[in-house]
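What follows is the residue order along each chain.
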Amino acid sequence: QVQLVESGGGLVQAGGSLRLSCAASGRTFSSYAMGWFRQAPRKEREFVATISSNGGRTYYADSVKGRFTISRDNAKNTVYLQLNSLKPEDTAIYYCAGGVVLTTKPSLYGSWGRGTQVTVSS
């Protein structure tokens, strides 16, 4: 497994942008598919985006497609999530996760960070 630490969350006005980072340590980061998930109060954790181990494939939830971009830098052991055109409904704790399979299912990710709070004001 890899150890994951998210950063970059904060308070932003609607329409604004944030860039989340997830730094990994431990086993070989470049062999892991990486995902971003989020959980709003009183809601289940939901898939946001995922990227393959070499960065060649990405998938997004329909709710964020065209606004969020996932990327990774294997030399820096870091995965990013660029959040643009933020909406109040994007408010949640954002988690990064690492797994051996490129998937949208959170149960198939074995490593998780503790999350970073994103709050979007209207």
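Calculation rules
All chains use their own residue numbering, which begins from 1 and follows the written sequence. Local features in this predicted model are restricted to residues whose pLDDT is 70 or higher, and side-chain atom pairs enter the listing and the counts only when it is 80 or higher, whereas totals over whole chains, interfaces and linings include all residues. Computation of side-chain values covers all heavy atoms of the structure but excludes hydrogens and water. Here a helix means four or more residues in a row that DSSP labels H or I, a strand means two or more in a row labelled E, and each is numbered from the N terminus. This radius of gyration counts C-alpha atoms alone. The globule rule is 2.2 Å times how many residues there are, raised to the power 0.38. Exposure classes here rest on a 1.4 Å probe applied to the protein chains alone. A residue is buried below 20% of its type maximum, exposed above 50%, and partly exposed in between. Basic side-chain nitrogens of Lys or Arg form a salt bridge, by our definition, when they fall within 4 Å of a carboxyl oxygen of Asp or Glu. Pairs of cysteine sulfur atoms within 2.5 Å are identified as disulfides in what follows. The pairing test for Phe, Tyr and Trp rings, Trp by its six-membered ring, is centres within 6.5 Å, and the orientation test on the planes gives stacked under 30 degrees, edge-to-face over 60, and tilted for anything in between. Remark: a charge is flagged as sitting over a ring if the NZ atom of Lys or the CZ atom of Arg is within 6 Å of the ring centre and within 35 degrees of the ring normal.

(A) Region of interest: the overall build of the protein chain. Broken down by element type, the protein chain carries zero helices and 11 strands. In the protein chain, the order of α-helices and β-strands from amino to carboxyl end is β-β-β-β-β-β-β-β-β-β-β. The C-alpha atoms of the protein chain give a radius of gyration of 13 Å, which matches the 14 Å a tight globule of 122 residues would have. Considered along the principal axes of its C-alpha atoms, the protein chain spans approximately 40 × 30 × 25 Å. The buried share of the protein chain, taken over its 122 residues, is 43%.

(B) Main features of the pattern of salt bridges. Evaluated as defined, the whole model comprises four salt bridges. Put simply, Asp 62 and Lys 65 hold a salt bridge, and the shortest N to O gap is 3.1 Å. Shared partners join several salt bridges into a network, and the residues in it are Arg 38, Glu 46, Arg 67 and Asp 90.

(C) Representation of the state of the cysteines within the structure. For the structure on display, the rule yields one disulfide. Note that Cys 22 is cross-linked by a disulfide to Cys 96, the S-S spacing being 1.9 Å. With the S-S dihedral at roughly 45°, the linkage between Cys 22 and Cys 96 falls on the right-handed side. Of the two residues, Cys 22 is situated in strand β3 (residues 18–26) and Cys 96 in strand β9 (residues 92–99); the sequence distance between them amounts to 74 residues. The pair formed by Cys 22 and Cys 96 is uniform in burial state, with each residue classed as buried.

(D) Just the packing of aromatic side chains, in detail. The final tally for this structure, using the stated rule, is five aromatic pairs. Relative to Trp 112, the ring of Phe 37 lies with its centre 5.1 Å away and its plane at 50°, an arrangement referred to as tilted. Of the two residues, Phe 37 is situated in strand β4 (residues 33–39) and Trp 112 in strand β10 (residues 111–112); the sequence distance between them amounts to 75 residues. Look at Tyr 95 and Trp 112: their rings are 6.5 Å apart centre to centre, the planes differ by 75°, and that puts the pair in the edge-to-face class. With a gap of 17 residues between them, Tyr 95 in strand β9 and Trp 112 in strand β10 connect regions that are remote in the sequence. The ring of Tyr 95 has Arg 45 sitting right over it, with the charged end atom 3.9 Å from the ring centre. Taking the ring centre of Trp 112 as reference, the NZ or CZ of Arg 45 above it sits at 4.7 Å.

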